[in-house]
Amino acid sequence: MKTIFITGASTGLGKATARLFQSKGWQVIATMRKPENETELSQLENVILLPLDVTNPEQINDCVKNVTAKYDVDVVLNNAGYGLMGALDALSDEQIVKQLNTNLLGVIRVTKAFIPFFREKKQGLFITITSIGGLVGFPLGSTYHATKWALEGWSESLSYELSLHNIGIKTVAPGGIVTDFAGRSLEMGSHPAYEDMMQKVFALFDPEAFSTADEIAGLVYEAATDGQNKITYVGGEYANALYNRRLEIGKEAARIELGKSVLGN
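Residues numbered from 1 in each chain as written. Predicted model: local features only at pLDDT ≥ 70, side-chain atom pairs only at ≥ 80, totals over all residues. Heavy atoms only, no water.

Q: Sorry, what's going on with the overall build of the protein chain here?
A: A tally of helices and strands in the protein chain yields eight helices and nine strands. Its C-alpha atoms put the protein chain at 60 × 40 × 30 Å along the principal axes. In the protein chain, the proportion of contacts linking residues at least 24 apart, taken out of those at least 6 apart, comes to 69%. Carbon together with sulfur atoms contributes 51% to the accessible area of the protein chain, which is approximately 12900 Å² in total. Taking the average place of the 24 positive charges on the side chains of the protein chain and the average place of its 30 negative ones, the gap between the two points comes to 5 Å. (Helix = DSSP H or I, 4+ residues; strand = E, 2+ residues; numbered from the N terminus. Contact = heavy atoms within 4.5 Å. Areas by Shrake-Rupley, 256 points an atom, 1.4 Å probe, with all protein chains shown as cover. Lys, Arg positive; Asp, Glu negative; His and termini not counted. Charge placed at Lys NZ, Arg CZ, Asp CG, Glu CD.)

Q: Looking at this structure, I do not really get helix H2 (residues 57–70). What am I missing?
A: An α-helical segment advances 3.6 residues per turn. Residues three or four places apart therefore align on the same side. For H2, with 14 residues, the first-to-last C-alpha span of 20 Å sits near the 20 Å given by 1.5 Å per residue. Looking only at H2, the buried set comprises Ile-60, Cys-63, Val-64 and Val-67. Within H2, the buried residues cover an arc of 95° as seen down the axis, which keeps them to one side. Looking at H2, the residues exposed on the side facing more than 90 degrees away from the buried face are Glu-58, Lys-65, Ala-69 and Lys-70. Tucked into the core, H2 has its buried residues touching strand S1 (3–6), strand S2 (27–32), strand S3 (47–51) and helix H3 (93–121). Measuring from the side-chain oxygen of the N-cap residue of H2 to the backbone nitrogen of Glu-58 gives 3.2 Å; that N-cap residue is Asn-56. (Expected span 1.5 Å × (residues − 1). Buried < 20%, exposed > 50% of the residue type's maximum accessible area, 1.4 Å probe, protein only. Arc of directions from axis to C-beta. Polar contact = N/O pair within 3.5 Å; in protein donor to acceptor, adjacent residues only side chain to side chain.)

Q: What should I look at first to understand the nonpolar core in this one?
A: The nonpolar side chains of a soluble globular protein tend to be buried, and buried together. Ile-4, Val-28, Ile-127 and Val-172 are the most contacted members of the largest nonpolar core, which totals 28 residues. Of all the secondary structure elements, the ones that give two or more residues to this core are S1, helix H1 (12–23), S2, strand S4 (75–78), strand S6 (124–129) and helix H6 (213–225). Of the residues forming this core, the biggest block, seven residues, is contributed by H6. Residues in contact with Ile-127, not counting those within four places in the same chain, are Val-75, Val-76, Leu-77, Asn-78, Lys-170, Val-172, Val-220, Ala-223 and Ala-224. (Core = buried A, V, L, I, M, F, W, Y, C linked by side-chain atoms within 4.5 Å.)

Q: What exactly am I supposed to notice about the packing of aromatic side chains here?
A: In total, this model carries seven aromatic pairs according to the counting rule given. Ring geometry for Phe-117 and Phe-118: centres 5.8 Å apart, planes at 45°, overall tilted. Grouping residues by exposure puts Phe-117 and Phe-118 together as buried. On the basis of an interplanar angle of 65° and a centroid distance of 5.4 Å, the ring pair of Phe-210 and Tyr-238 is categorised as edge-to-face. (Phe/Tyr/Trp six-rings, centres within 6.5 Å; stacked < 30°, edge-to-face > 60°.)

Q: Where do I start with the sheet that holds strand S7 (residues 167–174) in this structure?
A: Consider a sheet: its strands pair through backbone hydrogen bonds, and that pairing is either parallel or antiparallel. Within the open sheet, the seven strands sit side by side as S3-S2-S1-S4-S6-S7-S9. Their pairing is parallel. The two strands at the open ends of the sheet, each matched to only one other strand, are S3 and strand S9 (232–235). Neighbouring strand axes in the sheet, compared pairwise and without regard to direction, differ in orientation by 20° on average. In this structure, S4 lies alongside S6, joined through four bridges in parallel fashion. (Pairing = 2+ DSSP bridges. Axes fitted to C-alpha atoms, helices over the stretch in contact; angles between N-to-C directions.)

Q: Hey, could you run me through the packing of H3 against helix H4 (residues 142–163) in this one?
A: For any two helices packed against each other, one specifies the inter-axial angle together with the distance between the axes. Axis separation between H3 and H4 bottoms out at 9 Å; the angle between their running directions is 15°. Viewed along their axes, H3 and H4 adopt a mutual orientation that is roughly parallel. The two elements H3 and H4 cross, and the hand of that crossing is right-handed. Of the residues in H4, those touching H3 at Ile-96, Gln-99, Leu-100, Asn-103, Leu-104, Val-107, Ile-108, Thr-111 and Ile-115 are Thr-143, Tyr-144, Thr-147, Lys-148, Ala-150, Leu-151, Trp-154, Leu-158 and Leu-162. Partitioned by chemical class, the residues of the contact of H3 with H4 number twelve nonpolar, five polar and one charged. (Parallel < 35°, antiparallel > 145°, perpendicular 65-115°, else oblique. Left-handed = near helix turned anticlockwise from the far one by under 90°. Nonpolar A, V, L, I, M, F, W, Y, C, P; charged D, E, K, R; others polar.)

Just geometry here; none of it tells us what the structure is for.
Take a look at the structure:
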């Protein structure tokens, strides 16, 4: 039986992925900040719930040490994260640090903690949930994009050194996910100087074109099992349309095109 370790498994994509892998016969180690509040995954066979706050380095190291002493983990899914939207001068330093700690440093620390285990095992796979926002930049999301673009570049660079030990690393980059967008996974910073732009940016997003958490969980499963030497899996119709357009016309033309749709000039 293969085993997957998942961060941020209490809701949305994390929970959907835990359910899918469990249904496929995998053992699932589902981590979240408050596992005592989880009532669905706790009822499933071969699902282990553990507490983990990815902004707590000491807890990360303790959790990974305990897990690798008991379980033969095959895949680590770095899923924990959230979106921070707003003009840079609308954001507090606390908001910026929280975004970086959760979306970027949490992923780096969890991955680093598992590398020695996979290196000794001589195999393993890391999958990180990034975003179409790690491949395309939108207005009023600079701090969020900083984390997601960083993860894409970090994963590509890290792939070389991990390959020496037969360890893989991949990213799954979805567009909007129906259950999460504008919900608990989105934090806003507002400023009257950018209010009009904010309204125009939100008008660009069509929830009907978003993917479901189950659809993206399926892509995570594909990435975990297809055996391909591939870094990035773009998830969903919405994300693929945006990314393919960018590839088609080039970065600068795509930036200008998006800017016109938001700024009207």
